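# A closer look at the structure
Below, each chain spelled out in residue letters.
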Amino acid sequence: MYTPATRLADVIFDDFSMIPLLNRFGIRLGLGDSSIESICTKHNIDTDFFLTILNTYASRSDTSLNQSLMNMDTEQTIRYLESTNTYYASAALPNIERHFRALHERSMASANNLEFLWKFFQELKSELTSRIEFDNSVWFPALRKLLQNPADGSLRKDMTKELAGLPADENAIEDKVDDLTSFFIIHLRGEYDQNLCLAVVTSLMALEKDIKRNNRIRNLILRPVTRAALSAES
């Protein structure tokens with residue numbers, strides 16, 4: 001587990017996929033020998049919240065995270081997930097699509113099954129985009145209203161209707177990214193541009209890892225908080 005005294009550069013040396021996480025907090029590379037605590041202070045970031053997110057990313061077990069996750073500030077968590085959604089919509093998905101489109105177009109003359117994989121990616125993109133839109137326009141605003149007005153029974157009733165579209169399974173998109181990656185690794189056929197294929201597969205793997213980590217936060221924090229807010233007594 002990382003601590004306030006951990007050198008932040010060592011976190012990146014341990015796992016380069018932490019870089020997008022740092023970017024969401026406004027932290028860029030060129031970290032020097034600074035500790036997590038000193039960099040958080042410099043960027044006006046709550047060190048405890050940052051460490052909880054960081055250790056959630058690094059941990060392989062949900063059990064050891066339960067207590068620290070339960071203590072996370074809901075508003076900070078929502079803001080973090082909003083930033084995560086922005087990363088998916090404006091960086092991760094466009095990056096994959098750019099490389100995938102080039103791979104697809106350059107390989108169209110070859111006898112391969114990239115057309116099927118391209119269509120599968122478009123379905124995945126649509127599902128993730130829809131989830132982001134629901135988060136940002138329905139779930140997060142509704143949860144904020146509920147937390148600001150916990151005694152308002154009529155509001156809870158309205159918000160219950162609003163949140164009826166909350167997906168039952170947070171892991172469905174994670175599974176779909178995993179399926180697409182597996183298709184590439186196991187079932188890809190024919191000739192194709194190997195460099196572009198590598199770019200697509202590594203980007204998909206990074207996206208799957210990121211979504212899996214953030215689904216922990218959604219499942220272990222935001223869903224329980226939402227259920228509690230909807231069931232609160234006046």
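For every chain, the first residue of the written sequence is number 1, and numbering continues from 1 onward in sequence order. Per-residue local features are limited, in this predicted model, to residues with pLDDT of at least 70; the limit for side-chain atom pairs, both in listing and counting, is 80 or more; totals at the level of whole chains, interfaces and linings are taken over all residues. Side-chain numbers come from the whole structure's heavy atoms, not from hydrogens or water.

## A closer look at the packing of helix α6 (residues 74-106) against helix α7 (residues 114-148)
Short version of the rule: Axis lines are fitted to C-alpha atoms, over the contacting stretch for helices. Their N-to-C directions set the angle, which ranges from 0 to 180 degrees. Counting from the N terminus, the helices are DSSP H or I runs at least four residues long and the strands are E runs at least two residues long. Reported orientations rely on four angle classes, namely roughly parallel under 35 degrees, roughly antiparallel over 145, roughly perpendicular from 65 to 115, and oblique for the rest. Should the near helix be turned counterclockwise from the far one by less than a right angle, the crossing is left-handed, whereas a clockwise turn marks it as right-handed. Gly counts as polar in this scheme, as do all residues outside two lists: the nonpolar Ala, Val, Leu, Ile, Met, Phe, Trp, Tyr, Cys and Pro, and the charged Asp, Glu, Lys and Arg.
Following both chains from N to C, one finds α6 and α7 inclined at 165°, their axes separated by 11 Å at the closest point. Classified by the interaxial angle, the pair formed by α6 and α7 is roughly antiparallel. Where α6 crosses over α7, the handedness of that crossing is left-handed. The class makeup of the residues in the contact of α6 with α7 is 17 nonpolar, 6 polar and 10 charged.

## What to know about the environment of T202
Selection criterion: Each residue is assigned to one of three classes by its accessible area relative to the maximum for its type, calculated with a 1.4 Å probe on protein chains only: buried under 20%, partly exposed between the two thresholds, exposed over 50%. We call two N or O atoms a polar contact when they sit within 3.5 Å, provided that within protein one can donate a hydrogen and the other can accept it, with sequence-adjacent residues counted only if both atoms are side-chain atoms.
Its place among the elements puts T202 in helix α10 (residues 194-231). The partly exposed category is assigned to T202, whose relative accessible area is 40%. C-alpha separation for the pair T202 and T129, spaced 73 residues apart in sequence, amounts to 20 Å. At a separation of 2.8 Å, a polar atom in the side chain of T202 contacts the main-chain carbonyl oxygen of L198.

## Observations regarding unusual backbone geometry
For N44, which is not a glycine, the phi torsion comes out positive at approximately 60°. Relative to the assigned elements, N44 resides in the loop between α3 (36-42) and α4 (47-58).

## Comments concerning α10
The line we're drawing: To estimate the expected span of a helix, count its residues, drop one, and scale the result by 1.5 Å. Axes are fitted to the seven residues ending at a residue and to the seven starting at it; the angle between these axes is taken as the bend at that residue.
In this model α10 runs 53 Å from its N-terminal to its C-terminal C-alpha over 38 residues, within 8% of the 56 Å that 1.5 Å per residue would give. Where α10 bends most, the angle comes to about 30°, and this point is R218. For α10, the side-chain oxygen to backbone nitrogen distance between the N-cap and N195 is 3.0 Å, and the N-cap itself is D193.

## A short note on a negative patch on the surface
Counted only if it meets this: Residues enter patches when they are more than 30% accessible in relative terms and free of salt bridges; like-charged ones are connected within 9 Å and nonpolar ones (Val, Leu, Ile, Met, Phe, Trp, Tyr) within 5 Å. Computed by Shrake-Rupley with a 1.4 Å probe, the accessible areas treat only the displayed protein chains as cover when residues are assessed. Salt bridges are identified by distance alone: a Lys or Arg side-chain nitrogen within 4 Å of an Asp or Glu carboxyl oxygen. A residue counts as positive if it is Lys or Arg and as negative if it is Asp or Glu; His and the chain ends are not included. Positions of charges follow a simple convention, taking NZ of Lys, CZ of Arg, CG of Asp or CD of Glu.
A cluster of acidic side chains, namely D169, D175, D178 and D179, defines a negative patch on the protein surface. Of note, D178 is situated in helix α9 (residues 171-187). A residue is classified by how much of its surface remains accessible, and D178, at 32% relative accessible area, is partly exposed.

## Points about the environment of F25
Which entries qualify depends on this criterion: Contacts are assigned to residue pairs with any non-hydrogen atoms lying within 4.5 Å of each other.
By the secondary structure assignment, F25 is in the loop between α2 (19-24) and α3. Judged by its relative accessible area of 15%, F25 falls in the buried class. F25 has contacts with I45, F49, F50, I53 and Y80, leaving out every residue within four places of it along the chain.

## Some details on the layout of surface pockets
Our working definition: Each cavity reported here is a set of points on a 1 Å grid over the protein atoms alone in which a 1.4 Å probe fits but cannot get out, each pocket an open set with protein on both sides within 12 Å along at least five of seven lines, and each lining residue one with an atom within 4 Å of a point. Grid points are joined across faces, edges and corners, and a volume is the space filled by probe spheres set on the points.
Taken as a whole, the second largest pocket spans an internal volume of roughly 250 Å³. Lining the second largest pocket are 15 residues; nearest its centre among them are F16, P20, Y87, S203 and A206. Elements represented by at least two residues in the lining of the second largest pocket include exactly α2, α6 and α10. Residues of the lining of the second largest pocket, tallied by class, amount to 9 nonpolar, 4 polar and 2 charged.

## Observations concerning a nonpolar patch on the surface
Where nonpolar side chains cluster on the molecular surface, the patch consists of I185, I186 and M205 and spans about 310 Å² of accessible area. Within the element layout of this structure, I186 appears in helix α9. Overall, the relative accessible area of 60% leaves I186 in the exposed class.

## With respect to the side chain of D210
Position of D210 relative to the elements: it lies in helix α10. Using a relative accessible area of 4% as the deciding quantity, one classes D210 as buried. Ignoring sequence-local partners within four residues, the contact set of D210 consists of R24, Y57, T84, Y87 and Y88.

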